[in-house]
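Topology and contacts: notes
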Amino acid sequence: MIGDRRQAEVAGPSPRRRESDRLGADRRLRLRRQVDRLRLPTWEEQRTQFITRFLFGTLGLAYFNVGEVVARSSHYWVAINIVHLVYLGLTGLYMLHARWRVVSPRRLRLAMWTDILGVSAVALADVHVMSPAYLVYLVIVLGNGMRYGLRAFAEAALSSVAVAALVLGLRFGDYLDDLSVASVFFIMFVGIIVAYSYSLMANIERTRLGLEAASRNDALTGLLNRRGLKEHADGLFVALTRNRSSLAVLFADLDGFKAINDIHGHDAGDRALKEVAQAIMVSVRTTDIVARFGGDEFLVIMPDTDLEQATAVAKRIQAIVPPVIDGQAQLSLTIGMGLAPLHGADLDTVLKSVDSAMYQGKLVAGRGAICRVDGGAVA
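Criteria and cut-off values
- Residues numbered from 1 in each chain as written.
- Predicted model: local features only at pLDDT ≥ 70, side-chain atom pairs only at ≥ 80, totals over all residues.
- Heavy atoms only, no water.
- Salt bridge = Lys/Arg side-chain N within 4 Å of Asp/Glu carboxyl O.
- Helix = DSSP H or I, 4+ residues; strand = E, 2+ residues; numbered from the N terminus.
- Buried < 20%, exposed > 50% of the residue type's maximum accessible area, 1.4 Å probe, protein only.
- Phe/Tyr/Trp six-rings, centres within 6.5 Å; stacked < 30°, edge-to-face > 60°.
- Polar contact = N/O pair within 3.5 Å; in protein donor to acceptor, adjacent residues only side chain to side chain.
- Contact = heavy atoms within 4.5 Å.
- Patch = residues over 30% accessible without salt bridge, like charges linked within 9 Å, V, L, I, M, F, W, Y side chains within 5 Å.
- Areas by Shrake-Rupley, 256 points an atom, 1.4 Å probe, with all protein chains shown as cover.
- Pairing = 2+ DSSP bridges.
- Axes fitted to C-alpha atoms, helices over the stretch in contact; angles between N-to-C directions.
- Parallel < 35°, antiparallel > 145°, perpendicular 65-115°, else oblique.
- Left-handed = near helix turned anticlockwise from the far one by under 90°.

1. Examining the pattern of salt bridges
On inspection of all chains with the given rule, the structure shows six salt bridges. A salt bridge links Asp115 to Arg53; the shortest N-O distance between them is 2.9 Å. Here Arg53 lies in helix H3 (residues 43-65) and Asp115 lies in helix H5 (residues 105-125), a separation of 62 residues in the sequence. Here Asp115 and Arg53 have matching classes, each one buried. The salt bridge involving Glu155 is made with Arg109; its shortest N-O contact spans 2.9 Å. Taken as a pair, Glu155 in helix H7 (residues 150-170) and Arg109 in helix H5 lie far apart in primary sequence, 46 residues in all. Using a relative accessible area of 18% as the deciding quantity, one classes Glu155 as buried. Connected via shared salt-bridge partners are Arg109, Arg151 and Glu155.

2. A closer look at the packing of aromatic side chains
Summed over the entire model, instances satisfying the criterion amount to three aromatic pairs. Aromatic side chains Tyr63 and Phe64 sit 5.2 Å apart centroid to centroid with 85 degrees between the ring planes, which places their arrangement in the edge-to-face category. Phe64 gets classed as buried once you look at its relative accessible area, which sits at 4%.

3. Considerations on the side chain of Ser283
Within the element layout of this structure, Ser283 appears in helix H12 (residues 266-283). Residue Ser283 is classed as buried on the basis of its relative accessible area of 1%. There is a polar contact of 2.6 Å between the side chain of Ser283 and the backbone oxygen of Ala279. If we ignore the near neighbours within four places in the chain, the residues touching Ser283 are Val313, Arg316, Ile317 and Ile320.

4. Quick look at the environment of Tyr359
Mapped onto the fold, Tyr359 is located in helix H14 (residues 347-365). For the pair formed by Tyr359 and Gly336, sequence separation is 23 residues and the distance between their alpha carbons is 7.9 Å. Every residue in contact with Tyr359, bar those within four places of it in the chain, is listed here: Asp253 and Glu297. Of note is the side chain of Tyr359, whose polar atom sits 3.5 Å from the side chain of Glu297.

5. Points about a nonpolar patch on the surface
Together, Val181, Val184, Phe185, Met188, Phe189 and Ile192 line one region of the surface with nonpolar side chains, adding up to about 590 Å² of accessible area. Topologically, Ile192 is positioned in helix H9 (residues 181-216). The class for Ile192 is exposed, based on a relative accessible area of 52%.

6. Observations concerning the pairing of strand E6 (residues 332-340)
Most of E6 is tucked away, with eight of its nine residues classed as buried. Pairing of strand E1 (residues 247-255) with E6 involves nine bridges; the strand directions are antiparallel. From the neighbouring strand, Leu247 faces E6, where its bridge partner is Ala340. Relative to strand E7 (residues 370-372), E6 runs parallel, the two sharing three bridges. Directly across from Gly336, in E7, lies its bridge partner Cys371.

7. Notes on the packing of H5 against H7
Two elements in contact, H5 and H7, have axes whose closest approach is 10 Å; the angle formed by their N-to-C orientations is 25 degrees. Judged by the angle between their axes, H5 and H7 are roughly parallel. Relative to H7, H5 is oriented so that their crossing is right-handed. Residue-level contacts link Arg109, Met112, Trp113, Ile116, Ser120, Ala123 and Leu124 of H5 to Glu155, Ala156, Ser159, Ser160, Val163, Val167 and Leu170 of H7.

Below, the structure is given as structure tokens:
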């Protein structure tokens, strides 16, 4: 059935199938954009933040239970102690989840909202107008921004302002009676610090995104480079055993590329590489990974794809690649293909197999062949 679906794609998918693929791709792209908007730190970085949360939670308990009475009433004292215990418990659960699954935008947001609501409960229960909780709002905003990027900074800032405003509204009478010049300036200083920090974070974020794009993508074709390929492919290969799925890997070499450079110059060679990159991109799905692996070598990784389906895609790519450049040099693609985990459980192992199949195909079947690992040339 899967093979029939792929063959249908080669012949031309139906409008209903195109719409289904488009919607599925849109959902995957939304998830990818959600991840990309957050700078996802390592487990070690997140562990440090969780330890900091435990420290703040413990200090909060001490604040309400050691020394003078700071709770507005006995009812508030009981409630705020329960809040602190729940906060510490949730933080422990988030920490365990982060140890198991490092990348989780939903958990990051849940933890942020747990911080904001916990601090807001402290501000609501504290008898003091200028509660230390308002400084913790600032810590939450700066901490999320510096660890997770500009988007997280903005979310934390807007959420903190909204919830803090709700607390101010609930205690408006208390605050109005005790309002002073010092408290007004305190609020103004906090606002200025947040605004200035956001401006700095925006500049840092733009620089970071530019550097990351330059380090992961090939400047000429716009495809992933080797570093970007490894980052995207590692997760797919790790999930192979767990999901019991398969990955088809195509390794393509551009025949005649040296002749283009020698005869027509590097500008013509660059145009050829761009056209081949475009031919590959329009022939695969949005969920497939495409990279420029070397000077005239390209790699395609296709999740949930068997060799028959991969063969159809390889033929489609070859059909789109222009046969000539500047009216003279002959172009073709020789493609080797393999399947993970059948031909290897990691990218390097599969790549060695498909690379060998490709060059063996050139020797046996000539340029423009499609060769499978241990399967010979495809007609």
